[in-house]
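# Observations on the three-dimensional arrangement
Now for the letters of each chain:
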Amino acid sequence: MEINPLSAIPSSEPASAQKEVREDAVETKSDRHIWGIYIFLCLISLIELYSASSREVASSSMGVFGPVVRHAFMLAAGCGIILLLQRVHYRKFIAFIPVFAFISVVMMLYVMFFGEIVNGARRSFSLMGITIQPSEFLKLSAALVIALIMSKTQIKGGVKKNGVIVSAVIVIVFGSLLIKQGLTNTLLLMAISLSMMVIGGVEWKKFLMVLLVYGVFVGFYGIYKLTNDEPEAKTENIEAVEATATEGRGGTWVNRIARWSGDGKPKYTQKINAENRQEMYSFMAQANGGVVGVFPGNSRETARLPLAFSDFIYAIIIEDMGLIGGLFVLALYLWLLGRASAIASKCSRALPALLVIGMAVMIAFQALFHMAIVSGLAPVSGQPLPLISKGGTSILITSIAFGVMLSVSRFAVRNGKRQDIKNEIDVLPEEMRADNPTMLQ
């Protein structure tokens, strides 16, 4: 058992007073870069949601500003969550993470059997008039739990074998709960976990084994679904005609991949029908945007594009603000990932490093998945653009992730003095005091 030489420094103050002083001693201001990214995303969200909500405006009893007012209310609630969490020391999340994960799993199990059918699958349930999507909670839970496990199982030169196994098993279990709604969320979970394993210092041999296990899981599940198609409950939502067929999710995957590949035919030569109209109108919107866009509010395709305010909002962003605006939004998410990586590389402990990178990877990867789908680089599958797409659950979860990142940026010691590092070690549980494997001096 290693003995930390810093713990031998004596103190004449009571233990409770020492802890209070230690927490205050490492506290700094919240990261301005992360706050700036959050503010930019909120502003873009309000502008583009208004531009993309012509269908909702037509049926809203609140007039043209109805959808924006509701969305602004959710953003304000999310901002309140961020302001609260960024003032909480990140060590206090340790006890909360298992509870949050347990609640997420219970909600997901409930939805699998009793949830409301959206786009051909059970995805949500209503609680006091609020629609809850447990899949968003499960993605956040996976990132938080992996951060906890990886920081707890650090060893010199890598991560304990049991830590890697438990992390992979959790991803597979969570992915099994999500895969009924589509393969994209499961792949997103796997991408998040693999990124965190790299940051956590997992040896390449173990990393490649996990990658192989993930590949086998996806392969076998895909084969099972394709050979055991079961009729799926139909939906009355005309925006999701592709999911109303009685061929099950396996058939849906095949159709989406077939439409995506197009048998090698250019998209502009294909006829628009009930199955491909989402992606076709999305491509038209992006083409209409050109380099500089048509300016927000002048979108031509928003009235025809189903789910323009959620799963395809990036297409409207490009139509409104052009290629330049689309690249700017992409840069914001990459900037968030880069800033989180910079913070993580300078943290003295593994736990805050993994927390901040886990939250950033979850947000950035979901944004990249959304953009890849909208731009035609991947088959169509519903993924909101974090903090921009309409959706209360997505905004709530993204806000929690921002709050955790800001807490780490405020309380974690980054290349600190010897006494600051000692103070941080003392406020953490003994099993969570591992050095950050990626720390840069």
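Structure's up top.
Description of the structure in this document. (Residues numbered from 1 in each chain as written. Predicted model: local features only at pLDDT ≥ 70, side-chain atom pairs only at ≥ 80, totals over all residues. Heavy atoms only, no water.)

### So, helix 2 (residues 32-52)
Between the first and last C-alpha of helix 2 there are 30 Å, a value that for 21 residues agrees with the 30 Å anticipated at 1.5 Å per step. Three or more residues of helix 2 are buried, namely I34, W35, I37, Y38, L41, C42, I44, S45, E48, L49, S51 and A52. Between the side-chain oxygen at the start of helix 2 and the backbone nitrogen of H33 there is a gap of 3.1 Å, and the oxygen is on D31. (Helix = DSSP H or I, 4+ residues; strand = E, 2+ residues; numbered from the N terminus. Expected span 1.5 Å × (residues − 1). Buried < 20%, exposed > 50% of the residue type's maximum accessible area, 1.4 Å probe, protein only. Polar contact = N/O pair within 3.5 Å; in protein donor to acceptor, adjacent residues only side chain to side chain.)

### Some remarks on the packing of helix 13 (residues 350-374) against helix 14 (residues 392-411)
In a pair of packed helices, the angle between the axes and the distance between the axes together describe the arrangement. Packing of helix 13 against helix 14 leaves a shortest axis separation of 9 Å and a crossing angle of 145°. Seen from above, helix 13 lies across helix 14 with left-handed handedness. Two secondary-structure elements touch here, helix 13 through P352, L355, V356, M359, A360, M362, I363 and Q366 and helix 14 through S394, I397, T398, A401, F402, V404, M405 and V408. Residues that form the contact of helix 13 with helix 14 fall into these classes: 13 nonpolar, 3 polar and no charged. (Axes fitted to C-alpha atoms, helices over the stretch in contact; angles between N-to-C directions. Left-handed = near helix turned anticlockwise from the far one by under 90°. Contact = heavy atoms within 4.5 Å. Nonpolar A, V, L, I, M, F, W, Y, C, P; charged D, E, K, R; others polar.)

### Some details on the environment of R122
Relative to the assigned elements, R122 resides in strand 2 (residues 121-127). For R122, a relative accessible area of 34% puts it in the partly exposed group. In sequence terms R122 and M108 are 14 residues apart; their C-alpha atoms lie 9.7 Å from each other.

### Quick word on the nonpolar core
If you look at the biggest cluster of nonpolar residues, it comprises 114 residues, and the most contacted ones within it are L385 and F402. Considering each element in turn, this core owes the most residues, 16 residues, to helix 13. Leaving out residues up to four positions away in the same chain, L385 has contacts with S310, I313, Y314, I317, V329, Y333, A367, H370 and M371. (Core = buried A, V, L, I, M, F, W, Y, C linked by side-chain atoms within 4.5 Å.)

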